[in-house]
Amino acid sequence: MSPPADAPAPPQRTATARRIAGLALPALVVLAAEPLYVLVDTAVVGHLGAVPLAAVAIGGTVMSVAAWFGTLMAYGTTGRAARRFGAGDRSAAIAEGVQASWMALAAGVLLALLGLAGAGPLTSLLAGDPETAEAAAGWLRIAALGAPGLLLAAAGNGWMRGVQDTRRPLWIVLGANVLSAILCPVLVYPAGLGLTGSAIANVTAQSLGGALFLAALVRETRALRPVPSIIVSQLVLGRDLLIRGAAFQACFLSATAVAARFGVAAVGAHQIVLQLWFFAALALDAVAIAAQSLVGASLGAGDEREARDVARRVTLAGGVSALAFAALAAAGATVVPGWFSDDPAVHEQAAVIWPWFVALLPFAGVVYALDGVFIGAGDVAFLRTVTVLSALLGFLPAIWLAYAFDLGLGGVWAGLGLFTLGRFVSLMWRWRSPYWVVTGVTR
């Protein structure tokens, strides 16, 4: 089946800055849309009071597990589809998207059912007080219904990035999130639904996005049956991404749990700064998305020199962009927390961790860029090992010591610093080595 009229042309052979930007800039909007909506949601709910803000922090942390599964699907699908696209087989690249979508639908339904059944126990485990746990559970029972759409959208992003199409995802994701951003304040305040309105707005964006990506996939191909051999291959690749992602989830779930033990104001401040961190991270990840697509296509076409050139360019771009983010964050230290909460205690706690936030951003920018390079190259086993070791030897010991010795949020974010710097050093070494460069349709 021939590609649709709006499909991108086959990949060119030169890794120019313009070519990288052509993929990265639309991806930037896609990546920023979801965390930007979360920031809007946090700001809207934050003005309901400290308990609703803490409830969204707890419930949102649980829902981040679904987002994590989505990231695994998107990244794994991008690398596999990009190698086939680079080798000139677009239909095989689209087939990767079909099978990823089947996995997304199955996993999304399962996660929704688990969220409905386990909302109460999960939020009680994470929250520091019964009132916050009850409010978070009510939010989560509704928000969990968006898991299938969220994962279908992730799979759609994955195959479209693999065929170097980042423009259609831009319009799909942007449209769904803009609609939800309008709904959120309307449902929370004029409609009087409070936290329930926030959860409904989340489900609306995720379900609409998933449906639109499915429609785009049907336009590309009628070969929509599940193919077990492709699904198994994707699961094998996903194994290392799953372990890597589990390390991230263990870190951030533990950080939220420890922050909650320091009080409602502490977990509220942690939610604000952590969501700003995620926003910066995903925005900076735009060049990494370009790296996944371009590195995968170059290696699939057997062009080692091209792959190395992309890696060099995106690493530089990631570092420079992160420095700009850090400068903006430093300038807004006394202003930005007020956008999300009127509580002076929350502002005081945010001031404790703001210097960590600013100082770690430049290192994180390089880390995110190199993550994209190695995922595009299929070198996910190395990423898995580095992430797990950085979590076990850096992040987790630091935050639990912070809890044991009552070190507050500063101790929690010191753990994040160790986690980031451990990955920075390891990935820079790998980048300079020859071990990640393996050409061919498969690694």
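These remarks concern the structure in this document. Note on numbering: residues in each chain are counted from 1, in written sequence order. Only residues with pLDDT of at least 70 get local features here, since the model is predicted, and only at 80 or more are side-chain atom pairs given and counted; chain-wide, interface and lining totals rely on the full set of residues. With hydrogens and water stripped out, all remaining heavy atoms of the structure feed into the side-chain values.

Focus: the overall build of the protein chain
Which entries qualify depends on this criterion: Helix numbering and strand numbering both begin at the N terminus, where a helix is a DSSP run of H or I of at least 4 residues and a strand a DSSP run of E of at least 2. Note on exposure labels: buried denotes an accessible area under 20% of the residue type's maximum, exposed denotes more than 50%, and partly exposed covers the range between, all computed with a 1.4 Å probe on protein chains only. Any two residues whose heavy atoms approach within 4.5 Å at even a single point are treated as in contact.
Looking only at helices and strands, one finds 15 helices and zero strands in the protein chain. If you line up the protein chain on its principal axes, its C-alpha atoms span 55 × 45 × 35 Å. Buried positions account for 58% of the 443 residues belonging to the protein chain. Considering only contacts within the protein chain whose residues lie at least 6 apart along the sequence, 85% involve residues at least 24 apart.

Some points on the packing of helix α14 (residues 380–404) against helix α15 (residues 408–432)
The condition is simple: Comment: axis = line fitted to C-alpha atoms, over the contacting stretch for helices; angle = value between 0 and 180 degrees taken between N-to-C directions. For classification purposes, angles smaller than 35 degrees are called roughly parallel, those larger than 145 roughly antiparallel, those between 65 and 115 roughly perpendicular, and all remaining angles oblique. The sense of a crossing depends on the near helix, which, turned anticlockwise from the far helix by less than a right angle, makes the crossing left-handed and, turned clockwise, makes it right-handed. Classification used: nonpolar for Ala, Val, Leu, Ile, Met, Phe, Trp, Tyr, Cys and Pro, charged for Asp, Glu, Lys and Arg, polar for all others including Gly.
Put simply, α14 and α15 touch, their axes get as near as 8 Å, and they point 160° apart. Judged by the angle between their axes, α14 and α15 are roughly antiparallel. When the axes of α14 and α15 are compared, the crossing they make is right-handed. Looking at side-chain class alone, the contact of α14 with α15 contains 14 nonpolar, eight polar and two charged residues.

Details of the nonpolar core
What counts is decided by this rule: Residues enter a nonpolar core if they are buried and are Ala, Val, Leu, Ile, Met, Phe, Trp, Tyr or Cys, with the set joined through side-chain atoms within 4.5 Å.
If you look at the biggest cluster of nonpolar residues, it comprises 88 residues, and the most contacted ones within it are W277, F357, W413 and W436. With 17 residues, the top contributor of residues to this core is helix α13 (residues 344–376). With residues near it in sequence (within four places) discarded, W277 still touches F357, L360, L361, A364, Y368, W413, L416 and T420. V45, A104, A112 and A133 belong to the second largest nonpolar core, which has 31 residues in total.

A short note on the packing of helix α8 (residues 228–261) against α15
Relative to each other, α8 and α15 sit at 165°, their axes nearing to 9 Å. One way to sum up the angle between α8 and α15 is to call them roughly antiparallel. Taken as a pair, α8 and α15 cross one another with a handedness that is left-handed. Note on element contacts: α15 touches α8 through L409, V412, L416, F419 and R423, opposite R244, F248, C251, F252, A255, V258 and A259. Here the contact of α8 with α15 is composed, by residue class, of 10 nonpolar, no polar and two charged.

Considering the environment of A144
When you line up the elements, A144 lands in the loop between α4 (130–143) and α5 (147–162). Assessed through its relative accessible area of 2%, A144 is described here as buried. A sequence separation of 52 residues divides A144 from T196, and the C-alpha atoms of the two residues are 12 Å apart. If near-sequence neighbours (up to four positions away) are discounted, A144 is found in contact with M63, A112, G115 and L116.

Some details on the side chain of T123
Considering the arrangement of structural elements, one finds T123 in helix α3 (residues 90–126). Given the relative accessible area of 0%, T123 is considered buried. With residues up to four places along the chain from it excluded, the contact list for T123 reads I58, A133, A136, A137 and L140.

Looking at unusual backbone geometry
Its identity is not glycine, yet Q164 carries a phi of approximately 65°, on the positive side. Structurally, Q164 is set in the loop between α5 and α6 (167–188).

Thoughts on the environment of I142
You can see I142 is positioned in helix α4. Spatially, the C-alpha atoms of I142 and A199 are 5.8 Å apart, while their sequence positions differ by 57 residues.

Focus on the pattern of salt bridges
For the record, the criterion: By definition, a salt bridge exists where a carboxyl oxygen of Asp or Glu is found within 4 Å of a side-chain nitrogen of Lys or Arg.
Evaluated as defined, the whole model comprises 13 salt bridges. With a closest N to O distance of 2.8 Å, R168 and E220 form a salt bridge. Of this pair, R168 sits in helix α6 while E220 sits in helix α7 (residues 195–220), placing them 52 residues apart in sequence. The pair formed by R168 and E220 is uniform in burial state, with each residue classed as buried. Across the salt bridge formed by D240 and R239, the nearest N and O atoms sit 3.6 Å from each other. The class of D240 is buried, set by a relative accessible area of 6%.

The quantities given are spatial measurements derived from coordinates; they are silent on function.
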